[in-house]
Amino acid sequence: MTGGLKDGETDEEFLHSPFIRKQGNIYKPNNKDMDNDSLNEKTMEDVHTKEIDLVNRDPKHINDDVVKVDFEDVIAEPAGTYSFDGVWKASFTTFTVTKYWCYRLLTALVGIPLALIWGIFFAILSFLHIWAVVPCVKSYLIEIHCVSRVYSICVHTFCDPLFEAMGKCFSNIRLRLTKEV
């Protein structure tokens, strides 16, 4: 298996080389690799560490329409029914600061335990999918393939001639409709 190897490399060297995480802080987005010339060993991407983007925390926009609630989305005064400007400003500040700090407090208290629970849940879900669901579906497809071939043979052997004969018998029937006035 020398097709993907460079000169001087062997399969054994490639399979047993250690994972070396690219240099940099994994908590900062868009970090730069450190001096690549100083690394003489082969570097492979470590799949267990990846950079976390602290600026864009919803890159796939899964919560844009659900929890993105601002003051204007909840409280609005139509034209002609305005409160005092000070009350409006204080309400805005109170709403915004309360929402911000309550969210931060709840995430500090409940976020890590929920992350642990969701991590366990998705690990179990992945495990079941990989080790139970997919093998069962593949097994079913292999077994049903044999049954489908036998069924197909039976249909072509018994049903096809019968329906062809019935089709020929009924093909000569002509209907004529007349309208009586």
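Residues numbered from 1 in each chain as written. Predicted model: local features only at pLDDT ≥ 70, side-chain atom pairs only at ≥ 80, totals over all residues. Heavy atoms only, no water.

Stated precisely, the cut-off is as follows: UniProt positions are given in the numbering used here, feature names are shortened, and annotations may be inferred rather than shown by experiment.
As named in an unreviewed UniProt entry, the protein chain is Caveolin, taken from Acanthochromis polyacanthus. According to the UniProt record, the Function (unreviewed entry) comment for the protein chain is "May act as a scaffolding protein within caveolar membranes. Interacts directly with G-protein alpha subunits and can functionally regulate their activity." According to the UniProt record, the Sequence similarities (unreviewed entry) comment for the protein chain is "Belongs to the caveolin family."

### Let's talk about the overall build of the protein chain
Let me state the cut-off plainly: A run of H or I in DSSP becomes a helix once it reaches four residues, and a run of E becomes a strand once it reaches two; helices and strands are each numbered from the N terminus. When a residue's accessible area, from a 1.4 Å probe over protein chains only, is under 20% of the maximum for its type it is buried; when over 50% it is exposed; and in between it is partly exposed. The criterion used for residue contact is that any of the two residues' heavy atoms lie within 4.5 Å. Note on areas: Shrake-Rupley, 1.4 Å probe, and residue coverage restricted to the protein chains presented here.
For the protein chain, the count of helices and strands is three helices and zero strands. When the helices and strands of the protein chain are placed in sequence order, the string is α-α-α. The 181 residues of the protein chain split such that 3% are buried. Sequence-distant contacts in the protein chain: of pairs separated by 6 or more residues, those separated by 24 or more amount to 43%. Accessible area for the protein chain stands at about 17200 Å²; split by element, carbon and sulfur atoms hold 65% of it.

### Describing the confidence of the model for the protein chain
We count it as follows: Per-residue confidence from the prediction method is given by pLDDT, with values spanning 0 to 100.
Averaged over all residues, the pLDDT of the protein chain is 80; the fraction at 70 or higher stands at 73%. No element of the protein chain has a lower mean pLDDT than helix α1 (residues 11-15), at 48, and none a higher one than helix α3 (residues 85-170), at 94. This stretch, residues 11-21, has a pLDDT under 50; its non-local contacts, to residues over four places away or in other chains, come to 19 contacts. Long-range and interchain partners of residues 31-42, a stretch whose pLDDT sits below 50, account for 16 contacts in this model, where long-range means more than four residues apart.

### Comments concerning unusual backbone geometry
Of note, His61 is a non-glycine position whose phi angle comes to about 55 degrees, a positive value. Counting through the fold element by element, His61 comes out in the loop between α1 and α2 (71-74). By relative accessible area, which is 48% here, His61 ends up partly exposed.

### Topic: the UniProt feature "transmembrane region" (unreviewed entry) in the protein chain
Sites flagged by UniProt as "transmembrane region" (unreviewed entry) map to residues 105-132. Split by type, residues 105-132 is 100% helix and 0% strand. Its first and last C-alpha atoms lie 39 Å apart.

### So, the packing of aromatic side chains
Applicable threshold: Only Phe, Tyr and Trp rings are paired, with Trp represented by its six-membered ring, and only when their centres lie within 6.5 Å; those with planes under 30 degrees apart are stacked, over 60 edge-to-face, the remainder tilted. Criterion for a charge above a ring: Lys NZ or Arg CZ within 6 Å of the ring centre, and within 35 degrees of the ring normal.
Under the definition given, this model contains seven aromatic pairs. Ring centres 5.0 Å apart and planes at 65 degrees place the aromatic pair Phe71 and Trp88 in the edge-to-face group. Placement of Phe71 in helix α2 and of Trp88 in helix α3 is noted, with a sequence separation of 17 residues between them. The rings of Phe71, Trp88, Phe92 and Phe95 are connected pair by pair, giving a single aromatic cluster. The ring of Trp101 carries the charged tip of Arg104 above its face, separated from the ring centre by 5.6 Å.

### Focus: the side chain of Asp58
Residue position: Asp58 is located in the loop between α1 and α2. Beyond its immediate chain neighbours, meaning those up to four positions away, Asp58 contacts Asn63 and Asp64.

### Some words on a nonpolar patch on the surface
Quick note on the threshold: Residues enter patches when they are more than 30% accessible in relative terms and free of salt bridges; like-charged ones are connected within 9 Å and nonpolar ones (Val, Leu, Ile, Met, Phe, Trp, Tyr) within 5 Å. Note on definitions: salt bridges are taken to be side-chain nitrogens of Lys or Arg within 4 Å of carboxyl oxygens of Asp or Glu.
A grouping of Leu105, Leu106, Leu109, Val110, Leu114, Ile117, Trp118, Phe121, Phe122 and Leu125 is seen on the molecular surface, where their side chains present a nonpolar patch of about 990 Å² in accessible area. On the secondary structure map, Leu114 appears in helix α3. For Leu114, a relative accessible area of 38% corresponds to the partly exposed category.

### Re the environment of Lys68
Counting through the fold element by element, Lys68 comes out in the loop between α1 and α2. The class for Lys68 is exposed, based on a relative accessible area of 58%. Excluding residues that lie within four positions of it along the chain, Lys68 makes contacts with Asn63 and Asp73.

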